[in-house]
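# Coordinate inspection notes
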Amino acid sequence: RRCLASVAEANGMLLICVVMGTESVYQDDGVSAISIGGYQETTALLDAGFKGYKAAQILFANQAMQQYKVSGGSNDLVVGPNASVSSVLPDNTTAASLSYRISVAPLTAPIERGEKLGTVEIYSGTMCVAISDLFALNSVEVLGTSVRQEVNRQERSPVITVLIVIAVAIGCISAALLS
């Protein structure tokens with residue numbers, strides 16, 4: 001029996017086709033081949049693949065997928081993939097027909113931006129067409145850390161305002177004395 005492994009590329013898709021156990025058909029003389037086993041099957045399979053499917057980008061790098069409350073966190077967390085993901089889909093697939101199954105570990109602050117937190121599986125009907133890791137798209141501080149920083153910022157704010165007022169007053173007095 002004959003086996004044939006082939007690769008073909010068109011319209012942004014790379015297809016791999018493997019046929020096994022095919023038979024060649026020979027003329028009555030037993031020497032001259034009418035068809036070589038595997039070639040016709042391979043052509044039919046590759047044609048069906050290119051005609052019935054399309055390559056499509058289904059996730060984008062840093063695309064916000066879901067927002068979560070974080071235990072002990074000062075703010076919500078947004079998760080998404082850190083790289084774009086493409087897949088080969090049936091021609092009739094639309095973005096609205098895809099479904100997403102997101103799995104994220106329990107979330108407790110602190111969380112650093114870029115930390116791997118889970119996965120997303122993308123389905124077209126019952127067929128999983130892609131899987132991607134999910135990462136923190138923003139950082140989450142422990143509740144109270146950012147509040148302390150905000151209090152410190154507010155405490156410094158009146159001091160800066162007073163210094164600006166004094167500098168403007170000195171500038172006005174100096175201008176008045178020089179004129």
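Use the structure listed above.
To keep things clear, this report deals only with the structure shown in the data block. Owing to the predicted nature of the structure, the values given are computational and were not obtained by experimental measurement.

### Re a nonpolar patch on the surface
On the surface, Val7, Leu14, Ile16, Val18 and Met20 cluster together to form a nonpolar patch covering roughly 570 Å² of accessible area. With four residues, the top contributor of residues to the nonpolar patch is strand 2 (residues 13-22). Mapped onto the elements of the fold, Val7 is located in strand 1 (residues 2-10).

### Some points on the environment of Asn11
Relative to the helices and strands, Asn11 resides in the loop between strand 1 and strand 2. Sequence-wise, Asn11 and Lys54 are 43 residues apart; in three dimensions their C-alpha atoms are separated by 7.8 Å.

### A few points about the side chain of Ser124
Within the secondary structure layout, Ser124 lies in strand 10 (residues 116-124). What makes Ser124 buried here is its relative accessible area of 15%. Those residues within four positions of Ser124 in sequence are excluded, and the remaining contacts are Pro90, Thr93, Leu98 and Val129.

### Here we look at the packing of aromatic side chains
Applying the stated rule across the entire model yields zero aromatic pairs. One residue, Arg101, lies across the ring of Tyr123, its end atom 4.0 Å from the ring centre.

What counts, and at which threshold
- Residues numbered from 1 in each chain as written.
- Predicted model: local features only at pLDDT ≥ 70, side-chain atom pairs only at ≥ 80, totals over all residues.
- Heavy atoms only, no water.
- Patch = residues over 30% accessible without salt bridge, like charges linked within 9 Å, V, L, I, M, F, W, Y side chains within 5 Å.
- Areas by Shrake-Rupley, 256 points an atom, 1.4 Å probe, with all protein chains shown as cover.
- Salt bridge = Lys/Arg side-chain N within 4 Å of Asp/Glu carboxyl O.
- Helix = DSSP H or I, 4+ residues; strand = E, 2+ residues; numbered from the N terminus.
- Buried < 20%, exposed > 50% of the residue type's maximum accessible area, 1.4 Å probe, protein only.
- Contact = heavy atoms within 4.5 Å.
- Phe/Tyr/Trp six-rings, centres within 6.5 Å; stacked < 30°, edge-to-face > 60°.
- Lys NZ or Arg CZ within 6 Å of the ring centre and 35° of its normal.

Keep in mind these values describe shape, not function.
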